[in-house]
Amino acid sequence: NPLEAPKADGMASPVDALRKMNETEAPFKNGFYTFNFPHFWLKESVGQRVPMIFCLKESTRLFSESRRRLILLARAGYSLPQELTEDVVILDFDSPSYAELMLILDSLLDRLKDKKPRLSKNDRERIVASGMGMSQQEFETAVSRALVTHKELIPNIPIDSLVDEVMKVKTEVV
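Here goes a summary of the coordinates provided. (Residues numbered from 1 in each chain as written. Predicted model: local features only at pLDDT ≥ 70, side-chain atom pairs only at ≥ 80, totals over all residues. Heavy atoms only, no water.)

Examining unusual backbone geometry
Heads up, the rule is: Helical segments are the DSSP runs of H or I of at least four residues, strand segments are the runs of E of at least two, and each set is numbered from the N terminus.
Omega for the bond connecting Ile154 with Pro155 falls within 30 degrees of zero, at 10°, which places this linkage in the cis form. Looking at where Pro155 falls in the secondary structure, it is placed in the loop between α5 (136–149) and α6 (159–173).

Here's the deal with the pattern of salt bridges
Condition: We count a salt bridge whenever a side-chain nitrogen from Lys or Arg sits within 4 Å of a carboxyl oxygen from Asp or Glu. Accessibility here uses a 1.4 Å probe with only protein chains present; expressed as a share of the type maximum, an area under 20% marks a residue as buried, one over 50% as exposed, and anything in between as partly exposed.
Tallied over the entire structure, the rule returns 11 salt bridges. Salt-bridge contacts for Glu58 lead to Arg61; the nearest nitrogen and oxygen are separated by 2.6 Å. Of the two residues, Glu58 and Arg61 both sit in helix α2 (residues 49–64), three residues apart, roughly one turn of that helix. A residue is classified by how much of its surface remains accessible, and Glu58, at 31% relative accessible area, is partly exposed. Note that Glu125 and Lys121 form a salt bridge whose closest N and O atoms lie 3.4 Å from each other. On the criterion of helical spacing, the pair formed by Glu125 and Lys121 is a turn pair, its members being four residues apart in helix α4 (residues 121–131). According to the relative accessible area criterion, Glu125 is partly exposed, its value standing at 26%.

Quick word on the packing of helix α3 (residues 98–110) against α5
So the rule is basically this: Note on method: axes are straight lines fitted to C-alpha atoms, helices fitted across the in-contact stretch only, with angles between N-to-C directions ranging 0 to 180 degrees. Roughly parallel refers to an angle under 35 degrees, roughly antiparallel to one over 145, roughly perpendicular to one between 65 and 115, and oblique to any angle outside these ranges. For any helix crossing, the convention is left-handed if the near helix is rotated counterclockwise from the far helix by under a right angle, and right-handed if that rotation is clockwise. Contacts are assigned to residue pairs with any non-hydrogen atoms lying within 4.5 Å of each other. Here the term charged refers only to Asp, Glu, Lys and Arg, the term nonpolar to Ala, Val, Leu, Ile, Met, Phe, Trp, Tyr, Cys and Pro, and the term polar to all other amino acids, Gly among them.
Where α3 contacts α5, the two axes come as close as 10 Å, and the packing angle between them is 40°. As the angle between them shows, α3 and α5 are arranged oblique. Crossing of α3 against α5: the hand is right-handed. Contacts from Leu101, Ile104, Leu105, Leu108 and Leu109 in α3 reach Gln136, Phe139, Glu140, Val143, Ser144 and Leu147 in α5. Broken down by class, the residue content of the contact of α3 with α5 amounts to eight nonpolar, two polar and one charged.

What to know about the pairing of strand β1 (residues 30–36)
Operational definition: One requirement defines pairing of two strands: DSSP has to find at least two bridges between them. Handedness rule for crossovers: strands pointing away from the viewer, path from the first strand over the helix to the second running clockwise, crossover right-handed.
Relative to strand β2 (residues 67–73), β1 runs parallel, the two sharing seven bridges. Paired with Asn30 across the two strands is Arg67, which belongs to β2. Running through α2, the crossover from β1 to the neighbouring parallel element β2 is right-handed.

Right under this line is the structure:
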């Protein structure tokens, strides 16, 4: 029920989860199902790769006959296994623009109220420039981590410390 809080069903296997969605007695005949990080299960070295491919192919066939859709959320630049390229449509979304990252930074800083660092326009521009290419969540996480790491220096955190921390997170993401 979409109005209820999500419930854990105890399934640890993504193949079992896909099979459950494919059942004709599935709890919802209409709707969207999301599968986060399928690229971990579709690697060459993963034992469940072949069953995953077969289940995904079956899902695309069954879902095309109904009002259900499966959305696979994968990292940027991910390429599907060759066996799925004719069955799955890929939609790539651009990273936030400079202006969008600036709005994200401003919003994040506004939520800090009295405990925010003193940053000049140039400081904010440097932080945003260091976050270019990151997703919104990656950027928010990086800036938050930088602020928490140097919280004892607020409001006078050196800008280089913030930029270095954002770049460190960016490197970890890549």
